Amino acid sequence: MKSKMEGFAERRTVLVVEDNDMNREILCDLLEDDFNVIQAENGLEGLLKLEERGGDIALVMLDVYMPLCDGFTFLERKRESGRFDSVPVIVMTASDSVEDEIRCLELGATDFITKPYNAEVMKNRMKSLIRLQESSSMLNRLELDELTRLYSKEFFFHNAGIVLQTDPDARYDVVCCDVEDFRTMNDRYGREQCDRFLHDLAGWLPQVLPGMILGGRLGADVFAFLTEHQEQDWTEILKNARFQPNPDGQPMHFSLKYGVAQDIDHETSVSVSCDRATLALRRIKGRFNTPVAVYDEEMRRMQLRERQLVEFAEPAIENREFQIYYQPKHNLENDATGGAEALVRWIHPQLGFISPGMFIPLFERNGFITKLDFYIWEEVCRELRKLLDEGFPAVPISVNVSRMDFEASDLSEKIAELADKYRLDHSLLHIELTESIAGENPELIQDTLEKLHEKGFVIELDDFGSGYSSLTSLNTLALDVLKLDMSIIRHASATSDYSILRYAVLLADGMRLKTVAEGVETADQVAALKVLGCDYIQGYYYSKPLPGPEFEQYLARCA
Ligand code: C2E
Ligand code: CA
Ligand code: CA
């Protein structure tokens, strides 16, 4: 939160999201006299800039039609995140399309202007919107959270910001505390008791945090505190802190996690320091014996690297930096190659080889995965067509799909169109879905899989046995193949106990599903899987994932 402004004594920062280079340049030139201007070339970059700059951005100027993530999606995501509700958005529409305008307003846009715009009118409109927003949010926001009597989020950021400004030489830490699985606690103990829990916790925390200056409630069960910088390790400080809720009543089971940003930079907004502390905290979620995590140099590097990868992703598709490797699946019944899995690799001109474990989870979070996966499916179709044209026997290739792929438009239509474009029999394309997919939005996934199935695509459930609640998905999803996760194969050969593996194969048999064993590395494992009746084997024992030309050689050798 910025201080009150009279005629903008202090320059506000505005974010311009516009894909057309020339339009963006012109607009930024216009605005630069009055505002600090940050630019983004599409909605996705815009959302990242919002994340990055925390509460610094006073207003967004948004174009509607942009590649990758358009204005509508930007507004949708902004609203979903809920964190930037107080940042007004002016949408710039090229035409006088009333429908676009209505849709934007419905999605939470504050106002719109039609291109071409009159510079003075536009700037005044921007200023009065910012002024309106700042004064109304100041009035509307409750300074203290009613339940906990800590500062509400905005006031915490604001007041902590003032503390930082007051003494530029002083050193501070930010400590965030989160109650793990609070939702489950709510179900278990009831709202009233959980409210009391939060109230008491908010009273207790300031007592155990040395050098406590002020505290705020950032979310339902997340608290943040600004403290004097502590030389002692926060893990040590908090080691013996024991919160005892409801001392006279029913005992409550709970776990607290702390994330710390140490010796925070005065130039960085408090909300960003809180983001860092919560990032550290998220890393230890679910880890039983680790209550405290400190945001450190490694996390910073990781965050920077992730940001860099996000930035590089879009041009990487155009530059064809994503390459597809094919890992053969060996058919145990006829001892021949029975297919392959397509696995993506990113070969960046400067960063070199980047493994999917590094970028897939990131792209799954920011949505880029839908674009990347579509690109990969098309490359795979092209490769299949090429193999057929060159006279190779038809082997199916499986592609990976992420949860997000199901949410973006009609997946079954999209995949069918691709297969038809390359004149491929649908049974040649297998769809691998990770087990974790099955838990979320079950109807959409169920429906889409059924459609894919009807169209003749083969559905494989990936990573079976890796620890999710998989049995329900086996019953409800239209599946053809179970891929046994490498962890159960490892477990079996390490302990010589094949019971889980046997059970998994039996289960698949009973449901008339084929089985593929993944991550098979030794002859002993192959022999055991053969005895158990597994159908296919994929793993280093037969081959590592291979680039296209080497995969072709492999096929030629095995033919
Ligand atoms: P996954 O689908 O479970 O893929 C199997 C992973 O095991 C691959 O790692 C593969 O290289 C590795 N692997 C195969 N055989 C062996 C073996 O014998 N021993 C060992 N130690 N490892 C083996 P990779 O290629 O790093 O992929 C990691 C994950 O990234 C994949 O797991 C998949 O979930 C995801 N992924 C890869 N490509 C794509 C893609 O194009 N789209 C999407 N959405 N996800 C992808
Ligand atoms: Ca897979
Ligand atoms: Ca797998």
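The text that follows walks through the structure, step by step, so that each part is easy to find. (Residues numbered from 1 in each chain as written. Chains lettered and ligands numbered in written order. Predicted model: local features only at pLDDT ≥ 70, side-chain atom pairs only at ≥ 80, totals over all residues. Heavy atoms only, no water.)

Things to note about the coordination of the calcium ion (ligand 3)
What counts, and what does not: As a rule, N, O and S atoms within 2.8 Å of a metal are its donors, except that Na, K and Ca use 3.2 Å; water is not among the atoms, so sites may look incomplete. Note on conventions: DSSP H or I runs of at least 4 residues are helices, E runs of at least 2 residues are strands, and numbering of each starts at the N terminus.
Donor atoms from the polypeptide that bind the calcium ion (ligand 3) are D462 (OD), D463 (OD), E518 (OE) and E518 (OE), placed at 2.1 to 2.6 Å. Donor residues for the calcium ion (ligand 3) sit on one chain with the sequence pattern D-D-x54-E. Between the calcium ion (ligand 3) and the calcium ion (ligand 2), the interatomic distance is 4.1 Å, and D462 donates to each metal, bridging them. Here E518 lies in strand β19 (residues 514-518) and D463 lies in strand β17 (residues 458-464), a separation of 55 residues in the sequence.

A short note on the layout of surface pockets
This is how it is decided: Site definitions follow a grid-based scheme: protein atoms alone, a 1 Å grid, a 1.4 Å probe that fits but cannot get out for cavities, and for pockets an open set with protein on both sides within 12 Å along at least five of seven lines, plus lining residues having an atom within 4 Å of a point. Grid points are joined across faces, edges and corners, and a volume is the space filled by probe spheres set on the points. Gly is put with the polar residues, along with every residue not named as nonpolar or charged; the nonpolar set is Ala, Val, Leu, Ile, Met, Phe, Trp, Tyr, Cys and Pro, and the charged set is Asp, Glu, Lys and Arg.
Estimated volume of the second largest pocket: approximately 1,000 Å³. If you trace the second largest pocket, you find 37 residues lining it, with I360, N400, T434, D462 and D463 closest to the centre. Among the secondary structure elements, those contributing two or more residues to the lining of the second largest pocket are β13 (336-348), α12 (356-366), α13 (368-389), β15 (397-401), α14 (403-407), β17 and α18 (486-495). For the lining of the second largest pocket, the element with the most residues is α12, which contributes six residues. In terms of residue class, the lining of the second largest pocket is made up of 15 nonpolar, nine polar and 13 charged.

Here we look at the packing of helix α2 (residues 43-53) against helix α3 (residues 71-81)
The line we're drawing: Axes, fitted as lines to C-alpha atoms, cover a helix only where it is in contact. Angles between the N-to-C directions of the axes lie from 0 to 180 degrees. Angle categories: roughly parallel below 35 degrees, roughly antiparallel above 145, roughly perpendicular from 65 to 115, and oblique for all the rest. Crossing handedness is read from the near helix: turned anticlockwise from the far helix by less than a right angle, it gives a left-handed crossing, and turned clockwise, a right-handed one. The contact criterion used is simple: two residues touch if any of their non-hydrogen atoms lie within 4.5 Å.
The geometry of α2 relative to α3 is characterised by a closest axis approach of 9 Å and an angle of 30° between their N-to-C directions. As summarised for this structure, α2 and α3 are arranged roughly parallel, according to the angle between their axes. When you trace α2 past α3, the crossing you get is right-handed. Side by side, α2 and α3 meet where G43, L44, G46, L47 and L50 of the first sit next to F74, R77 and K78 of the second. Residue composition of the contact of α2 with α3, grouped by class: four nonpolar, two polar and two charged.

Details of the sheet that holds strand β2 (residues 36-40)
Sheets are built from strands paired through backbone hydrogen bonds, the pairs being either parallel or antiparallel. Heads up, the rule is: One requirement defines pairing of two strands: DSSP has to find at least two bridges between them.
Overall, parallel pairing links the five strands, which are arranged β2-β1-β3-β4-β5 in an open sheet. Lying at the two open borders of the sheet, with one neighbouring strand each, are β2 and β5 (111-114). Within this sheet the neighbouring strands show an average axis-to-axis angle of 20°, counted without direction. Bridge count between strand β1 (residues 13-17) and β2: five bridges; the pairing is parallel. Its bridge partner being in β2, T13 is matched across the sheet by N36. Here α3 sits on the sheet and contacts β1, β3 (57-63) and β4 (89-93); the angle it forms with β3, its principal contact strand, is near 145°. Along the sheet, helix α4 (residues 98-106) makes contact with β4 and β5, crossing β5 at roughly 155°.

A look at the sheet that holds strand β10 (residues 256-261)
The six strands are arranged β6-β8-β9-β7-β10-β11 in an open sheet whose pairing can be described as mixed. Among the strands making up the open sheet, the edge pair consists of β6 (151-152) and β11 (292-295). Bridge analysis of strand β7 (residues 172-179) against β10 gives six bridges, and the strand direction is antiparallel. Paired with D178 across the two strands is K257, which belongs to β10. Strands in contact with helix α6 (residues 153-166) are β6, β7, β8 (212-219) and β9 (222-228); relative to β8, the strand with the most contacts, it is inclined by about 150°. Helix-sheet contacts for helix α8 (residues 191-208) involve β7, β8, β9 and β10, and the interaxial angle to β9 is about 10°.

A look at the site of ligand 1
This is how it is decided: Think of it this way: one heavy atom of a residue within 4 Å of a molecule or strand is enough to make that residue near it. Polar contact is defined as a pair of N or O atoms within 3.5 Å, subject to the rule that within protein one atom must be able to donate a hydrogen and the other to accept it, and that residues adjacent in sequence are counted only when both atoms are side-chain atoms. The method behind every accessible area is Shrake-Rupley, applied with a 1.4 Å probe, and residues are considered shielded solely by the protein chains displayed. Being in a pocket or cavity means that more than half of the molecule's atoms lie within 2 Å of its grid points.
Taken together, 23 residues surround ligand 1, and among them R345, D373, S402, E521 and Y540 come closest. The side chain of N400 places a nitrogen or oxygen atom 3.3 Å from an oxygen atom of ligand 1. The separation between an oxygen atom of ligand 1 and a polar side-chain atom of D462 is 3.0 Å. For ligand 1, the accessible surface in isolation is 800 Å², of which the surrounding protein chains cover 82%. When atoms are counted within 2 Å of each cavity's grid points, the one that captures over half of ligand 1 is the second largest pocket. Elements represented by at least two residues in the shell around ligand 1 include exactly β13, α12, α13, β17 and α18. The biggest single contributor to the shell around ligand 1 is β13, with four residues. A breakdown of the residues in the shell around ligand 1 according to their chemical character gives ten nonpolar, five polar and eight charged.

Focus: α4
The condition is simple: Burial classes follow relative accessibility: with a 1.4 Å probe on protein chains only, a residue under 20% of its type's maximum area counts as buried, one over 50% as exposed, and anything between as partly exposed. Summarising the geometry, the arc corresponds to the directions from the helix axis toward the C-beta atoms.
Buried residues of α4: D100, E101 and C104, and no others. In a view along the axis of α4, the buried residues occupy a sector of 100°, so they form one face of it. Exposed positions of α4 whose direction lies more than 90 degrees from the buried face are V98, E99 and E106. Contacts made by the buried residues of α4 are with α3, β4 and β5. Of the residues flanking the end of α4, it is G108, one or two places downstream, whose phi is positive at about 105°.

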